[in-house]
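Structural description and commentary
Below are the chains, spelled out letter by letter.
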Amino acid sequence: MQNLQDLSIDNELESTVKKLIPLSLVAGVTLAAVMPFAAVSQDNPFAIKGPAYPPELPIVFGGVPDIYDVAERLDHLRHFYTGKAARFRLAGALSSQETAIGIRADQQDEWRAYTAAMLALVPDAGTVRALAGAPDEDPAGPEAFGRIEALADVLSVYGEKGAALKTAVENLRAALTEEQLEASRFPRLSLR
């Protein structure tokens, strides 16, 4: 009987891991795509200022981003990214959303779990440096598959964070009234 229970637990664990793989891949690709732009969101007046960058990558002939500017942005991330500014901006947006939805005192626990899970998704400086490389890293690059291994580590952590966020969203949705759920809808953006 004990072997059947162990087999059932193993099957449940395998099923859960299989469900988290697509989420982990999406989180990793999103993180890798956003990293060059994260330096733009770092507006700390007390930090040592690096070079100023426009909000978009410059486009050269053929529509390809200038690789040297991307390298400069990565270097800027290595030296100046902390994640604090991104967390403050996200916290401000979540505070506005809390007011707009009308979160009541009896819903605060679910709301706080949701906001904590959202804020946990902002990468810290160590995560960014693991993916972008350390400032004093060997110019020849990391050891074979070193950067891919760092990405795999980040994705495994973000898979767990994504699962925590999904649970927090489900709990929050169950605690909100129909009016609050309608107020929490985010309008679809259109480029027209």
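So, here is what we can say about the structure in this document. Owing to the predicted nature of the structure, the values given are computational and were not obtained by experimental measurement.

Let us look at the environment of Val122. Inspection of the secondary structure puts Val122 in the loop between helix H4 (108-119) and helix H5 (125-132). A sequence separation of 36 residues divides Val122 from Ala86, and the C-alpha atoms of the two residues are 7.0 Å apart. Sequence-distant contacts of Val122, defined by excluding residues within four places in its chain, comprise Tyr81, Gly83, Ala86, Arg87, Leu90 and Tyr158.

Below, the discussion takes up H5. Taken as a whole, H5 has its buried residues at Ala125, Thr127, Val128, Leu131 and Ala132. Burial along H5 is one-sided: seen end-on, the buried residues are contained in an arc of 160°. In the stretch just after H5, Gly133 is the one whose phi turns positive, near 95°.

Our next topic: H4. Its twelve residues place the ends of H4 16 Å apart at the C-alpha level, agreeing with the 16 Å of an ideal helix rising 1.5 Å per residue. Those residues of H4 lying buried are Trp111, Tyr114, Thr115 and Ala117. Burial along H4 is one-sided: seen end-on, the buried residues are contained in an arc of 160°. If you follow the buried residues of H4, they end up packed against helix H3 (84-101) and helix H6 (146-175).

Quick look at the nonpolar core now. Leu94, Ile101, Ile103, Trp111, Tyr114, Ala117, Leu165, Ala168, Leu172 and Leu176 together form the largest nonpolar core, which totals ten residues. Among all residues touching Trp111, those that are not within four sequence positions of it are Leu94, Gln97, Glu98, Ile101, Ile103 and Leu172.

For the rest of this paragraph, the subject is the packing of aromatic side chains. Tallying each qualifying case throughout the model produces one aromatic pair. Here Trp111 and Tyr114 contribute two aromatic rings whose centre-to-centre distance is 5.2 Å and whose plane-to-plane angle is 50°, an arrangement assigned as tilted. Of the two residues, Trp111 and Tyr114 both sit in helix H4, three residues apart, roughly one turn of that helix. Owing to a relative accessible area of 12%, Tyr114 belongs among the buried residues under this scheme.

This next bit is on the environment of Ala71. Tracing the chain through its elements places Ala71 in helix H2 (residues 67-80). For Ala71 and Ala132, which are 61 residues apart along the polypeptide, the C-alpha to C-alpha distance reads 9.7 Å.

The subject of this paragraph is the pattern of salt bridges. Pairs may arise between side chains of opposite charge once their charged atoms sit close together. This model, assessed by the stated rule, comprises four salt bridges. Across the pair Arg104 and Asp106 runs a salt bridge, and its minimum N-O distance is 3.2 Å. Taking the relative accessible area as the measure of exposure, Arg104 reaches 37% and is therefore partly exposed.

What counts as what
- Residues numbered from 1 in each chain as written.
- Predicted model: local features only at pLDDT ≥ 70, side-chain atom pairs only at ≥ 80, totals over all residues.
- Heavy atoms only, no water.
- Helix = DSSP H or I, 4+ residues; strand = E, 2+ residues; numbered from the N terminus.
- Contact = heavy atoms within 4.5 Å.
- Buried < 20%, exposed > 50% of the residue type's maximum accessible area, 1.4 Å probe, protein only.
- Arc of directions from axis to C-beta.
- Expected span 1.5 Å × (residues − 1).
- Core = buried A, V, L, I, M, F, W, Y, C linked by side-chain atoms within 4.5 Å.
- Phe/Tyr/Trp six-rings, centres within 6.5 Å; stacked < 30°, edge-to-face > 60°.
- Salt bridge = Lys/Arg side-chain N within 4 Å of Asp/Glu carboxyl O.

Just geometry here; none of it tells us what the structure is for.
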